[in-house]
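# Commentary on secondary and tertiary structure
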Amino acid sequence: MLNQQENEYGLYKEGNLARTWEKKLRPKVTPRPRRKFNGLAQTVFWIMGVWAVGLGASLLAIHVLVMGYQVDALSAQYTVLTRQNQVLAAKVTQLSSPQMLAADSQKYHVDLKVPTVRTGFHIAGPAVVESTPWYGRVSQWILALRQALVAK
């Protein structure tokens, strides 16, 4: 019993009494309840969200459609340019052919000299006769090639 009185006395020493009463008298802080929207506002926001998602999807679909048309236009342009390239390549081939060069040299009275290319290899094979059929010339060519490879 004596011990209990000493503990109570120790509790209310000097500044402890003021602090104890201050704690007891201080108003308790209660958290404010979250503000809830009423049902109409929630519905309006929900409808606006659905509308925004639909609008975004529509804009993306339109963008994909426009890009598809641009790809088609570029593909058609590429086809046209490829055909023009083929026509121009054929014209260049035709103009640089030996027949055209010979005709142009006769028109301008210029003598053409054909350059000879010397490789340093001499193939000792039978002479090819122009009257032989194509398969005979191919077999002679293969024989000459074999001789050239074996000679090394």
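Everything quoted here is computed from the prediction, not taken from an experiment.

So, how was this worked out
Residues numbered from 1 in each chain as written. Predicted model: local features only at pLDDT ≥ 70, side-chain atom pairs only at ≥ 80, totals over all residues. Heavy atoms only, no water. Helix = DSSP H or I, 4+ residues; strand = E, 2+ residues; numbered from the N terminus. Buried < 20%, exposed > 50% of the residue type's maximum accessible area, 1.4 Å probe, protein only. Areas by Shrake-Rupley, 256 points an atom, 1.4 Å probe, with all protein chains shown as cover. Patch = residues over 30% accessible without salt bridge, like charges linked within 9 Å, V, L, I, M, F, W, Y side chains within 5 Å. Salt bridge = Lys/Arg side-chain N within 4 Å of Asp/Glu carboxyl O. Polar contact = N/O pair within 3.5 Å; in protein donor to acceptor, adjacent residues only side chain to side chain. pLDDT = per-residue confidence, 0-100. Contact = heavy atoms within 4.5 Å.

Let us look at the overall build of the protein chain. The secondary structure content of the protein chain amounts to five helices and zero strands. When the helices and strands of the protein chain are read in sequence order from the N terminus, they spell out α-α-α-α-α. Of all 152 residues assigned to the protein chain, the portion counted as buried reaches 3%. A total accessible area of about 15300 Å² is found for the protein chain, and carbon and sulfur atoms account for 65% of it.

What follows deals with a nonpolar patch on the surface. A contiguous nonpolar patch, built from Trp-134, Tyr-135, Val-138, Trp-141, Ile-142, Leu-145 and Leu-149 and spanning about 820 Å² of accessible area, is present on the exposed surface. In this structure, Ile-142 sits in helix α5 (residues 134–151). Exposure remark for Ile-142: the relative accessible area of 42% places this residue in the partly exposed category.

Now for the side chain of Ser-97. With respect to the helices and strands, the residue Ser-97 is situated in the loop between α3 (39–95) and α4 (98–107). Within the structure, Ser-97 has its side chain in polar contact with the backbone oxygen of Gln-94 (distance 2.9 Å).

Attention shifts here to the confidence of the model for the protein chain. The pLDDT averaged across the protein chain works out to 80; a share of 77% of its residues lies at or above 70. Within the protein chain, the lowest mean pLDDT, 54, falls on helix α1 (residues 2–11), and the highest, 94, falls on α3.

This part takes up the side chain of Ser-105. Relative to the elements of secondary structure, Ser-105 occurs in helix α4. A distance of 2.7 Å separates a polar side-chain atom of Ser-105 from the backbone oxygen of Ala-102. Not counting chain neighbours up to four residues away, the residues in contact with Ser-105 comprise Val-110 and Leu-112.

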